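# Coordinate analysis (summary)
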Amino acid sequence: MGANSSSFSDLATNPYLIRFAGSESISPQDPFWNQLLSYTFLIPINSSDGKLLEESTALTCKNLAINNCKTGNFGSLIRAFLIRCTELKASTETKDNIFTWQTYNALFIIRSVCKYLVEHLSEDLLIQQFEALSPQKDGSSCCELTCSVGEELMNALVELIVDVPVLTFTYALHLEALNTLLTLLSVQMYQPQPASKFTLYKYMMEGKCSIHACLMVKSLLRNYVNQEKCPSELYKNTTDGVGALASMTASLASSLWSVVTLGIGSSSNEKKPEEEFNETLLANQSLLFLLVLANHCTSDRALNNPYRQALFQFTNSQDQSSGPTPVAQITFKMDFMELYKTLCTTLRDDQTTLLLYLLIHRNPNMKAFILSRTNIDQLVMPLLKILYHAQDKNSHHIYMALIILLVLSEDDVFNKAVHEVALKNVPWFKERSMSEISLGGLLILVVIRTIQFNITRMRDKYLHTNCLAALANMSSQFTNLHQYVSQRLVSLFAQLCKKHTKLVDQIRQAAMKSHQSAEKTPDDSDEETQEDYMQDLAVLEEVIRMVLEIINSCLSANLHHNPNLVYTLLYQKDSFAMFRTHPTFQDIISNIDTVLAYFSGKLEQMGGNPMPTEVLEVIKQGSLQFRRDRLKKFPDLKFKYVEEESPEEFFIPYIWSLVYHSSNLYFNASKIILFSLSS
């Protein structure tokens, strides 16, 4: 049957699929399965083809769902797949491509059915579809499994990923195993209940699958680190000179490979097939599935998440200094340097940023390794590039990048090191051409730019808080700030001052309007408007206060290393006048005034109109003589990132939106209730 093929239009009338979905029971040992699994299914490579496939098979899947409760044919197919799975490792050792291809076809059909069932049935009815047994001729049922069919299937997929090596002819099979697991767990997108309540998640978290948790996480990370591209054999056409068996295998592999790119996604830019196939899809799918595993069932104490524990506790295989691992600890070893290099080179999308966040926030071993790197710029630069292009990113991605910087800024060694790394000509930074700037200086510029972007567009209080917290943590280590960095920092303060003045005027006008309305007819909307203005003012004054504290912290700790900042403050000293008597700011302003008065006196002694270079020289010399005990002592600025109390409320919709947009799988958008596609 290997030479037979089935196009989209043929699927609805394919006799084998019709029999599979019909009212006749088919046992797992029936030769029918060999015939069905020897077809070459022409599978879609883009979203429009994916939709066409669903339309072509919708009636088949519907009929199967109706008849399966009596026939058990879906369970028989799963059993036929499980039988092949037990022999799969041996077949890879003998390079039995045909066996691998048939196993792949079985899994693709299983996933296609699962996708329909997940999107159209409750989980209880879905489980019933798995457990429907095929009646035997003697009236008994075929039940040779040690646990439920659904759990056996998921465990077989986990063992496939863990035990079967990733080779040229198993690459697509690994991808299909991941796609099937993602499809099953996507039940979370369609039904509004905690993941810990789903039977499918219980299979993963506490069933047979959980035994392999460490190896599973290690395998997924290994796939991510390896970044293997689709083998060319899976998409290149064969030539006439190839033998019959090899030609058939190659052509079948080519067609079945297109399964992997089912519904290539929401991108409007169509790629050439060669470009699609060369993508590192296995790495991407492994990463997405790892994020799904690690971020579900985290708040229910009754249901342990062994994958999350494994991700947060694994250690460096190259570290010879670490002692023996405690027996009770769920862990494995991995080469941190290889993982670090991959993170640095792939840190541009949401899923990689989210993985880095989890590692740096929750895995102390990986965090310590990252902070000890002398080439930390390789990691920080991609993060800054994400923030620089904030207008093209979703708000969650911006948050993740900022929080990573905040966690890094909690370390004083990092804060010092970034000012010791010199950068030459940063091509993506367009505001101003700078032949040389420190990594720390660029970091400050990009974070300030993010704050200004948020002021004008997003207006998100928590984004301000994270930005300013990172700058505050770094402020006492600001060293040799570039002239442009100093200008942007002080200009931020000036911009906030103008916003403050405008807001105070709006409050006065609203108060007058409210007073006039009260004399006539009370208007609740006027009171609400005034309350909104007052809340905005309170937030704005918090931001202004933090900016002043950042400037003060730098002056108090490193005045002699920042002549450009002093120069800029002198140039814009009038900006501080309006807050000298303001109760929220006057204590901080008094310190800045002390510095400005000191250096103004030094410049007055020069007389005339000194050149900028002369002013800088006076500042440098004066800094050496300035007594820091003249400044009022304030508490050190130290902020620590604390994750929200219910992180699942943020991460679960976020991760499934990434699966929807980035997994190359086609999902029926009209049935998704977990997140809004318009947000």
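Just so it is clear, the model here is predicted, and its values are computed rather than measured. (Residues numbered from 1 in each chain as written. Predicted model: local features only at pLDDT ≥ 70, side-chain atom pairs only at ≥ 80, totals over all residues. Heavy atoms only, no water.)

### Side note on the overall build of the chain
Broken down by element type, the chain carries 31 helices and 6 strands. Here the chain holds 679 residues, and the buried ones make up 55% of them. For the chain, long-range pairs separated by at least 24 residues make up 76% of all intrachain contacts whose partners lie at least 6 apart in sequence. Accessible area for the chain stands at about 30000 Å²; split by element, carbon and sulfur atoms hold 51% of it. (Helix = DSSP H or I, 4+ residues; strand = E, 2+ residues; numbered from the N terminus. Buried < 20%, exposed > 50% of the residue type's maximum accessible area, 1.4 Å probe, protein only. Contact = heavy atoms within 4.5 Å. Areas by Shrake-Rupley, 256 points an atom, 1.4 Å probe, with all protein chains shown as cover.)

### Remarks on the pattern of salt bridges
Using the criterion set out here, one finds 17 salt bridges in the structure. Glu176 is the partner of Arg111 in a salt bridge, and the nearest nitrogen-oxygen pair spans 2.3 Å. Within this pair, whereas Arg111 is found in helix α7 (residues 97–120), its partner Glu176 is found in helix α10 (residues 171–185), the two being separated by 65 residues in sequence. Linking Glu152 and Lys208 is a salt bridge whose minimum nitrogen-to-oxygen distance equals 3.3 Å. A residue pair is termed long-range when its members are at least 10 positions apart, and Glu152 in helix α9 (residues 149–163) and Lys208 in the loop between α12 (199–206) and α13 (213–226) qualify at 56 residues. Of the residues examined, Glu152 reaches a relative accessible area of 11% and is grouped as buried. (Salt bridge = Lys/Arg side-chain N within 4 Å of Asp/Glu carboxyl O.)

### Things to note about the packing of aromatic side chains
The tally for this structure, following the rule as stated, stands at 23 aromatic pairs. Centre to centre, the rings of Tyr340 and Phe369 are 6.2 Å apart; their planes meet at 75°, and the pair counts as edge-to-face. With a gap of 29 residues between them, Tyr340 in helix α18 (residues 336–346) and Phe369 in helix α20 (residues 364–371) connect regions that are remote in the sequence. Its relative accessible area of 12% is what places Phe369 among the buried residues. Pairing Tyr388 with Phe429 gives two aromatic rings, centres 5.4 Å apart and planes at 45°, and the pair type is tilted. Within this pair, whereas Tyr388 is found in helix α21 (residues 377–388), its partner Phe429 is found in the loop between β5 (422–424) and β6 (436–438), the two being separated by 41 residues in sequence. Judged by its relative accessible area of 4%, Tyr388 falls in the buried class. The exposure class of Phe429 is buried, given its relative accessible area of 7%. Three or more aromatic residues joined by ring pairs form one cluster here, namely Phe314, Phe332, Phe336, Tyr340 and Phe369. Residue placement shows Arg373 over the ring face of Phe369; its charged tip is 3.8 Å from the ring centre. The side chain of Arg449 reaches across the aromatic face of Tyr388, ending 3.9 Å from its centre. (Phe/Tyr/Trp six-rings, centres within 6.5 Å; stacked < 30°, edge-to-face > 60°. Lys NZ or Arg CZ within 6 Å of the ring centre and 35° of its normal.)

### Section: unusual backbone geometry
One non-glycine residue with positive phi stands out, namely Gln227, at about 50°. Along the chain, the position of Gln227 falls in the loop between α13 and α14 (244–260). A relative accessible area of 23% places Gln227 in the partly exposed class. For Asn425, which is not glycine, the phi torsion reads 45° and is therefore positive. Secondary-structure assignment places Asn425 in the loop between β5 and β6.

### Quick notes on the environment of Asp124
Note on placement: Asp124 falls in helix α8 (residues 123–131). Residues Asp124 and Phe198 lie 74 residues apart in sequence; the distance between their C-alpha atoms is 9.0 Å.

### Some words on the environment of Val158
Counting through the fold element by element, Val158 comes out in helix α9. Residues within four places of Val158 in sequence aside, it is in contact with Met204, Cys209, His212 and Met216.

### Here's the deal with the packing of α13 against α18
In contact at an axis separation of 9 Å, α13 and α18 are set at 55° when each is read in the N-to-C sense. Considering the angle they form, α13 stands oblique to α18. When the axes of α13 and α18 are compared, the crossing they make is left-handed. Across the interface between the two elements, Leu221, Tyr224 and Val225 from α13 touch Glu338, Leu339, Thr342, Leu343 and Thr346 from α18. Here the contact of α13 with α18 is composed, by residue class, of 5 nonpolar, 2 polar and 1 charged. (Axes fitted to C-alpha atoms, helices over the stretch in contact; angles between N-to-C directions. Parallel < 35°, antiparallel > 145°, perpendicular 65-115°, else oblique. Left-handed = near helix turned anticlockwise from the far one by under 90°. Nonpolar A, V, L, I, M, F, W, Y, C, P; charged D, E, K, R; others polar.)

### Considering the side chain of Asn14
Here Asn14 is to be found in the loop between α1 (8–11) and α2 (15–21). On the accessibility criterion, Asn14 (3% relative accessible area) is buried. Looking at Asn14, its side chain comes within polar contact range of the main-chain nitrogen of Tyr16, at 2.9 Å. At 3.1 Å, the side chain of Asn14 forms a polar contact with the backbone nitrogen of Leu17. (Polar contact = N/O pair within 3.5 Å; in protein donor to acceptor, adjacent residues only side chain to side chain.)

### Quick word on the nonpolar core
Ranked by internal contacts, the top residues of the largest apolar core, which has 222 residues, are Phe130 and Leu311. Looking at which element gives the most residues to this core, the answer is α7, with 12 residues. Beyond its immediate sequence surroundings of up to four residues, Phe130 is in contact with Phe74, Gly75, Ile78, Cys114, Val149, Gly150, Leu153, Leu184 and Leu200. (Core = buried A, V, L, I, M, F, W, Y, C linked by side-chain atoms within 4.5 Å.)

### Some details on helix α30 (residues 612–625)
With 14 residues, α30 should reach 20 Å at 1.5 Å per residue; the first-to-last C-alpha distance of 20 Å fits that figure. Taken as a whole, α30 has its buried residues at Val615, Val618, Ile619, Gly622 and Ser623. Taken around the axis of α30, the buried residues stretch over an arc of 135°, which confines them to a single face. Seen from the open side of α30, the exposed residues pointing more than 90 degrees away from its buried face are Thr613 and Leu624. (Expected span 1.5 Å × (residues − 1). Arc of directions from axis to C-beta.)

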